[in-house]
Each structure stands twice: as structure tokens, then as C-alpha cells.
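Remarks on the overall topology
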Amino acid sequence: MADPVKFTIDGQELEAAPGTLVIEAAKRAGIEIPSFCYYEGYSLQAACRMCLVEVEKMPKMQVACTLPVANGMVVRTDTPQTRGARKSTLEFLLTNHPLDCPVCDKGGECELQDMVFRYGAGESRFTETKLHVDEQQWSPVVYYDGPRCILCFRCVRACEEGMGVAALGVVNRGAVSLIAPNGGDHLNCDECGQCIDICPVGALTSGAYRYQTRPWEMEHTGTICTHCADGCKTTLGTRNDQIIRGNNRDRSGVNGEFLCVKGRYAFDFNDHAERLQSPMVKVNGKLEPVSWAKALEVVSKKFGEIKARGGKFGVVGSNHSTNEENFYLQKFARQGLGTNNIDHRRTGDVVTLVDALSGTNGSLATTADMYERKAFLILGADLAVEHPLLSFQIRANYRHHAARIYTVTARAVREDDYAVRSIRKPAFSEFEALEELRGALAAEPELVILFGDTVKEPDVRKLVEFGQSLGIPVKYTALVDYSNSRGAIDMGLVPELGPGFHATGAAGLTLPEMLAAGDLDALWVVGENPLGQAALASKKAFVVVQDMFLTETAKAADVVLPSASAYEKNGTVTNVCGEVQRVKRAAATMGAKPDLEIIGLIAKEMGLAATMGPWLPDTVYGEIRRTVKGYDIPLPLVALGAQQTVPVNGRVGVDVRPDLVWSAHENLFTSGTLGRYSKILNSVIEKRSGTATPEQELARQ
Amino acid sequence: MYNQPSPLEVPVLTRRFRLPNSHKIDTYLANEGYQAFEKAIGMSQDDIINEVKASGLRGRGGAGFPTGMKWSFVPRQSPKPKYIIVNGDESEPGTCKDRLLMEFDPHQLIEGILIAGLAVGAHQGYIYIRGEFRYLIEHMDRAIDEAYARGYLGDNILGRGIKFHLATHSGAGAYECGEESALLESFEGKRGNPRIRPPFPAVAGAYSCPTVLNNVETYCAVPSIILKGAAYFAGLGSPKNGGTRLFCLSGHVNKPGVYELPMGFNLMRLINEVGGGVRGGKKLKAVIPGGSSCPVLKADECDLNLDFDTVAAAKSMLGSGGVVVMDEDTCMVKAALRIMRFYAHESCGWCIPCREGTTWLRKVLQRFHDGQGVKSDIVLIGDLSRNMLGRTFCPLGDAAAMPTIAFVEKFRDEFEAHLDGKPCPYEKKLVAA
């Protein structure tokens, strides 16, 4: 590490690493140098000229966002000259910026408003006619109001550099310059909406949020997105128990401010008109609304009966439910109902990976590793489409640290654009490309290997052997599908493993076996839709479904219990990298209850309350801490931010079932059954191809 | 067509202009053509650069940076290729010399490029030509073809193992692309916005490779320097201002045109003796000495020598040599408006002060000229210009602000004459005449 540079800003003697920009050094010292175009992590522009500062021995004011600190440099940020410059720049900006703040979505959280409030003039000397162009709709979720645009080019950079999509550019020049979308009059992109978030003014507005509320009328709840497995923190803005906006402007969570289209907009299933609000019981082949008391009575009575006669239960948990719910559900199944017939849809071969990594430490990559490690091998996964955050992290890593990326995929992927090497291999034979890459990979200082569901036992084991033979530190990530796929395995939602990868040693039916068992007496499905793809063989089975919607499975149920969405409950989920994070209740739907509570109520009704313990998320989490290896993390710590759970460090010792592992390969605009109920996900034109641009679609073919 | 010569001219760069078929390689070869290049082949890189340094040649694009110095900044050892780029984006209002240099003596430019290539060890050159000069692009292409055919360009030039390739590149019609870093962006196929500097092109120019970027006239001066020696060239001009300069005399003079005169030639002599005096025997009111971005000089300030330093001392600039003469009937508000219209139209939109400032000023000046101005507008015009000055990303903002400040300061009475609904006094005069 080079010696720090010593310099002075506003009389404060400071030190910073060589190359630090004056604007950053000032920020660290608590001195604000205002700027619009400077944005941490993206390329430098020096375009807005707000950050002009005086530097001793330099005749002109200098732009703090491109000026590196130097030894002996004396910077003054608050002088009559700098104040004058800020004031005049804002005066220039306001010439063509409409003062429609009272109806602008950004009003109240607008950087231009704040800057004018702090540094601007009290009155304008501009008496000419303002330039005007009409607002444009670029997609169902992105609107552009040209006159409001201050041309800071943040959106252009976020799209090109951050997302690797480059759907935004600049047309015209001078005062009539405008941001323009790649489709001419519309966008062909990931629809991630980062351009809207990053816009300092109300030029880019969200189709979902515009004109819905004033920002100060919302309550904000930081929770975890329920869609893919990356576990982005999304801050939901709610008003009157209605979710209006999703973003993450405080940059907390594993994702910083990143969100994809699902995290930002696909909370809208929550208010879908078809949300179930009342329990239903099948009477004469028809589901009729009943009270909670009645429904619980029917369920507990029937469950009690079947249990008493030693009947065959099938319990299906979900990849979206919280750890607490899944833990509680498997406990109920195993201890309450006395069955080991419990499963969920497995989306990645995590079990084999954990088993193969037995005896090693720190071998599971974290989300932060994606940004920090030096080399990556991506096997059989289209990260930009299926794991947008991991893709974003690796892209930022490439941009900031020149990370070296190798891809082995069946089709072209976005990572190819900056990969050192890309190899095309058909699905399930990605493993064959490894020897070809051995030399290059062994020369890397370290490596992270990410693999999708086409790499599974025995290839996972071979992959780990390959990694260990490289002689460099290697970390792994088994890619899984949904917000808590990883947690579902950890919580023992499979017959062969109890919580914490403890082999149960007892026999149990897997999900396909349950559906195929003609003598199944009861099927209890919590937040899953197995009958969407398969039929239930048993005609006599008593089917109980807890869901938000009347899914195919719910339609076939004898009792349907309306459950709260992921945004309506508290608990924890574990993302693809094994990081446990807190979900928090942001909204509520009348009539629906969190699955944890529903399970608890059934237990109580069955007289199993003592066995099951209270259905409070924090209490159940306490039990998880004691029971599940790797989860012994105090809740306050989890509340502070993602904590990586480290599962067993030893052989798992069960026969894994690679045949049961398959990913739905959800793209940016699908999210299983849940995705069907998101109006926004279904409204974007990219839904058809599932990818950003026609060019990329062509490249994929 | 090219104007009549003046006996006061010192033809160096233009010495072949009036020969029949002056653009053909045969004419060029018969008149000292490519001899400087052959001489330069026998010189070391340092020798060439030192010769150019000693000649006092300063960039003819406007900034007047010493050319030899610029070349010496190019790293000698570079793992990346080096490029020679010619700025032929001549778009400064009042300037019209590069087009003649390309039209009448294209091989002189090619030879200058070749010598620059030898000096810095580059093997590829590009001539970036203003998009509107469509005919010149084709013209240069033909000259380049001739040079290839005669072995002055290619993989093994003149059988001497020298490799140099040259091609033209069309601009797309933006004044901003005459600024070197915006030119490079445009050259790379991007939007013509200026770049953050440092790094300067000599270190990281085209495709982030070391790049020599000079004006057409600058390259055209190089063959004469190499062939006839630095002392000869330096001796033509005034101290620290080597050589001759192509002055583009326009406006209200009897004989407008492009005249090659020694650096340091007196401005009044240029107007009266070379240009035949102010048109119609009228009185001189003002002169813009170096293209529209240079602060205007009042008639009584015009007795000065046209070299970089003397004009700078008079708080203006020699710029790109575009001398715009304005007679007593010229409305200075209209002149300021005309210039601001240009800059508002040409501002690239990258930085706020230039983008918004030029447009605002255009509107105020327009209103002012229309007789809708109020007294505080005069202060406003000066204020807005000063708020742009030195705060914009690239010199375009300064180029718009400096002349405006000068117009308001030097001709405040004319601005006041437009106040309070009064029609433009000069337009009335024209109607009366």
C-alpha cells in the first residue's frame, strides 16, 4: 500500500490513499461538495460543474469529482467564489427545468430541490420562454419527462456500466439534448428501473409509482425480495397498507441500491384482485368461504383422524416461505403428525455441494465475494437473467477490479461480453469444458465457481475435486431458484434430512412420490403449487392448501387457507449464498394470515401447542439458532445485515436425489406461480423473450 | 474559387496553390514535394522533433501550443500503437483556411503527416474532416490513393521499410468536434462530447493510444520546416511565433480572402493594404481577430501585430486566424447575437453552464435586439457570461462567454441604444440608405 497523501480541505488536515478524489475525501471528512453527475461506482463525467472548489496555486476553480488529492493540496469548498459558482449553476439549471414540483413524483426527495434550497438563489432572473417537449412513455414502467432532465447522465451509466444493457443514450445537443431509449420510442431492456432510482430529479419516473403518493406520506419497510434467490433488500414504501414503491436508496443489504424488475415492481401481486381473503372449505365439490374457526376445525379434525389411524400424510413446503415457517412446518410434520413425508421443490444441488466440501472452511461464496474475488467460473447459468444481483456484482467487479470471468454455458450469456473465455457446451455437459480451462484457472490467484442445476451429483463432486486440484483458493455457489430455496434445505424440508443437514435415517416420501401415491390420505401444501405441473394420484386425499391465490393446487383443495405474502410477515430467509436476512411486514391483507400463524393455529386446534411452541417468528428463530448448524446468529446481527450461514462441516451422509433437482430457470420477468399475479411483470414487452434486447435474444439463438 | 493574391503575401504553405493541377502528386513532386519526408527519413526522431521545436511552430487550430513540445509528450516506448490524427474539422466562424490547404495542396498535408509519423513512431494516420466538407473528403481520398500508388504510403514506403497508412474520417457536423478530445470521441464513433483531461491525447488519445493531434495548417507547415530548416521558418515570423499564417480575412473589406502572411503582421495593414480597406470607404468599427470565439477589438485597438502573444496582450486571441472586419454600420448587439446563436446551437450539451448559459444568452440577446431589453439585461448578459467563463467542461463555454463580455464592455452604448422598445438603430439606417 502506497503512503497516504496529506492534504487540507476547509482547514481540516486529512489523509487519503493516493488517487482518492477530492469529492470523496471531503465526503469522508463530513464535508459536502454538491454534485449531480458524480456517482460512486460509475464513470466520471465532470459535466454538472456543481462540485467546483478552490485549490491553492490553481488559477481556476477545479472540479472536485475528477481531481485526485495530492500532497500539500489546500482545498476550499466554501468560499464566495464556490458559493457563487453553485448558485449560478443552479440558476442555469432552473432556466429550462419546469417548476412543477407540486405535481412531480420526485418532489420532497429531489436532489435539485435540495440543492436549490441549500445553495440556490431566492429568485430567478430567467424571464424567457422555457423549452418544452412532451413526456414520453418508454415502457410500462419507465416514463421520461425531457424538460425535467438535467442531463447528469447517471441513467446512461447505470444502464450501460451497471446493467451491461446500454439501453439509454443521448440525442440532440445543447439545451435540447434528451435522453433516448434504444428502441427509438421505447425501451428494450431489463426494465430494472435503476435509471429511475438514480435520476436526481423527476425526469425518469416509474409507471408503477407515478402520481400515487407524495413520498413523505409513505412508510418505509426494508425487507427481502421474495422472487429470486439473490436476496436483495427492497425497501417497500407503503401507504394505508398498500405497497406503492420498491427501491433501496439507503444502499443497505447485500445489493446496495441494485434491484431488478422483480424487486422494484413485482410487489404488485400483493394487491392483486384475486388475493384470497377468506378460508374456504369444499362443500359439494365447491369451495365455499367459511370462518377461520370453521376452517381450522375442519383441518384439525381431519388431520387428527388420519394421524390417529396411522394414515399417510404428505407435507409440501415452499421455496418462498420464511425459515421460521419451514422449520415450524417440518417440526409439525415430524413431531406433530409423526410423518417424514415432507418435501419441497429442490432447485439446486446444495446438499451434494455441502457434502463434497466437507472438511473445508470458507468454501461457500458470499454475495460480497462476487464483487471482491478475482476470478469467476460460471457453469450452465445465465446470471443476468436468472440471478440479476450476482450478475450485477460480477459486472461491477469486472469494471472496478478487472475481475477475470470464464463462462461455460449452452447459450450466449451477458457475461460473455467481458469474459476472458467463453465456451459453449450443451446443458449437462458443461463439466467437459473444465479440463480445457484448467491451465488458465490454475493461474488465477483465486476462483469462485457458480453452477446451475445442470451441474449436479455426480458432477458437483467432480467439480469440487477439480476446484481442489487447481491449488488455489476456490469458493462455490450452487445456484437455486427462489427467495428461500436455500433456507428450505437448511430447515430440513426434505425427507432424508432434518434441519441443519442431519440425516433423519427414516424413510419418507419425496414430493413426486407423494403425488404418485394412490393411498395418500392427506396432502398439506404450504405456499407451493405442485398440481400446476403434476396430477395427484390419490383420489381420497384430504388436501389442505395455504396460499395467496386460488392456484391449480388450491382449486383441488378441500380446505384453502389464505396466507399472507412475503411482504406481510416477519421472519428470515436465506439467499443463494447462504446469507440469512430478515423479512419484515410492510403491508397487510385483510383476512390473510402468515403461514407460521396458520400452522400454529392448526397445531393449537389439534392440541399440539405444547409440542410446537409459540408461533412467534423470533421464538422460532431462537429454536433454529439452537438446532440448525450455521444459524447461531443473534437476530440483532441479522437485523443489521446479511449474515452468512455456514452449514455442517462434515459428510452429510445421505443418498442425494439429483433426479429431484431442477430449476425452473425463471427469467427476469417470470417468478413461478407468483409471477402470474404480477401485472407489471406481465406487461413489459420483454416478457416474450425474457431478455433485454433483441440483439441479445439473437445472440442466444 | 480562391481569391486574388496580395503582393504582401509570403507564400510558404500556399506556394503551390496557383500552379495548374496543384492538387496532383506530379505537380507536388515537381515542386519540392516529398523531399522533406525523404530528408526526415534520414533524421532521428529527436532531430525531427527538435527541428519543429526550434522552428517556433505553434498550433494553428487556435490555442497556439508549441507543436514540437506536443510531439515530445508522446511516449517513445509504447506497447500500444500510436496514431497521427489531423483536425480538419474547421468550423470556427470566420475561418476558412484548412479547406484550401486540403483542396489545393493535399500532398503537403500528407507529407506533414508522414513526417509526424516518423517523429513519434506512428504507422497509422487519420484525417478527420468536417462532415460538411464532403467534397474535400473525396478530394483527400484521391490524393491518398495517389500517394499509395506512388509508394508514399503503404507497408514499405519508397522501399525503405517504413510503414504508414492513412485514411480520411468524416465528421458529422458538430463544431464541438473541433475540440481535440471531442474529435477523438467522434472519431471512435461515439457522441462528440469532450473528454476529461488529463490524460491528454499524446498519452491516451484515439482508442486510449498515444496520439498526435494537430490542425491541418500545423501539419502543412512541417514539410517546409524540415526541408528548409527551423531557422528559415522561425525567421519568417516574429519572436516565439515562427513562420507564416493563413489569415482568413472576411467581413466588410474590399478584398476578403485567405492570405498567407508572416506571423506578427500588423492588423491594420492586413485590413488596409492586403484587404484593400473597409468596403464602401466606411469607417472601421471593430475586428474579431481570430475567429468568433475571440474577443472583439475596437477600431482604436486594431493597430497591433498578429502574433499569439501580442493579441493576447490586447485581451483577445489570435485563434484560428479568422479576421472578421466590421464597419461603422454594423450593429454590435446583432453581432453578439449572431455569435451566441452559433454557440447555443453548437453547445454539445455535456455541461450545465455552457448548455444552459448559451441558450439563455441567445434568448436575452435576441430579445434585446428586438427592442425588448431592459437595463438590467445588460448586467445580466455580462453576469451570465462570467458565470460560464472558466467553469465549463471544455473551451466552448469560454469561446461563447469571452466575445460576449467584450461586446458588452466595449460597446455598452450600443446596447443601451437598443433599450426600452427602441428599434435597432443600425437596421433603421440600412433601410434609410
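Residues numbered from 1 in each chain as written. Chains lettered and ligands numbered in written order. Predicted model: local features only at pLDDT ≥ 70, side-chain atom pairs only at ≥ 80, totals over all residues.

**So, the domain arrangement of chain A**
Residues and elements named next belong to chain A. What the domain assignment lists for chain A is domain 1 (5-78), domain 2 (99-271), domain 3 (280-344 + 484-671) and domain 4 (350-479). The distance between the C-alpha centroids of domain 1 and domain 2 comes to 27 Å. Across the contact, 9 residues belong to domain 1 and 13 residues belong to domain 2. Looking at the side of domain 1 that touches domain 2 residue by residue, the classes come out as 7 nonpolar, 2 polar and no charged. (Domains from an automatic or database assignment. Contact = placed C-beta atoms within 7 Å. Nonpolar A, V, L, I, M, F, W, Y, C, P; charged D, E, K, R; others polar.)

**Remarks on the interface of chain A and chain B**
Across the contact, 25 residues belong to chain A and 25 residues belong to chain B. In terms of residue count, helix 2 (residues 80-96) of chain A provides more of the side of chain A that touches chain B than any other element does, 7 residues in total. (Helix = DSSP H or I, 4+ residues; strand = E, 2+ residues; numbered from the N terminus.)

**Some details on the sheet that holds strand 6 (residues 136-137) of chain A**
Residue and element names in this part refer to chain A. Overall, antiparallel pairing links the 3 strands, which are arranged 6-7-10 in an open sheet. If you trace the sheet from one side to the other, it starts and ends with strand 6 and strand 10 (204-206), each paired once. Note: strand 7 (residues 142-144) against strand 10, 3 bridges, orientation antiparallel. From the neighbouring strand, Tyr143 faces strand 10, where its bridge partner is Thr205. (Pairing = 2+ DSSP bridges.)

**Examining the sheet that holds strand 11 (residues 219-224) of chain A**
Residue and element names in this part refer to chain A. Strand order in the open sheet formed by 3 strands is 11-12-13, with antiparallel pairing between adjacent strands. Two strands bound the open sheet, and with one partner strand each, they are strand 11 and strand 13 (242-247). With direction set aside, neighbouring strand axes in the sheet form an average angle of 35°. (Axes fitted to C-alpha atoms, helices over the stretch in contact; angles between N-to-C directions.)

**Structural notes on the packing of helix 15 (residues 375-388) of chain B against helix 16 (residues 395-410) of chain B**
Residue and element names in this part refer to chain B. Where helix 15 meets helix 16, the closest approach of the two axes is 8 Å, and the angle between their N-to-C directions is 150°. Classified by the angle their axes make, helix 15 and helix 16 are roughly antiparallel. Relative to helix 16, the crossing made by helix 15 is left-handed. Where helix 15 approaches helix 16, its residues Ile378, Ile381, Gly382, Ser385, Arg386 and Met388 are matched on the opposing element by Gly397, Ala400, Ala401, Thr404, Ile405 and Val408. (Parallel < 35°, antiparallel > 145°, perpendicular 65-115°, else oblique. Left-handed = near helix turned anticlockwise from the far one by under 90°.)

**Observations regarding the domain arrangement of chain B**
Residue and element names in this part refer to chain B. For chain B, the domain assignment lists domain 1 (25-236), domain 2 (244-326) and domain 3 (332-432). A straight line from the C-alpha centre of domain 2 to that of domain 3 covers 22 Å. Contacts between domain 2 and domain 3 engage 8 residues on the former and 10 residues on the latter. For the side of domain 2 that touches domain 3, the residue count by class is 5 nonpolar, 2 polar and 1 charged.

**Remarks on unusual backbone geometry**
A negative phi angle is the norm for most residues apart from glycine, just as the trans form is the norm for most peptide bonds. All names here are of chain A. The omega angle of the peptide bond from Glu457 to Pro458 is 5°, so this bond is cis rather than trans. With a phi close to 60°, Asp241 is a non-glycine residue in the positive phi region. Relative to the helices and strands, Asp241 is located in the loop between strand 12 (233-239) and strand 13. We note that Asn284 has phi near 55°; this positive angle belongs to a residue other than glycine. Secondary-structure assignment places Asn284 in the loop between strand 14 (280-283) and strand 15 (286-289).

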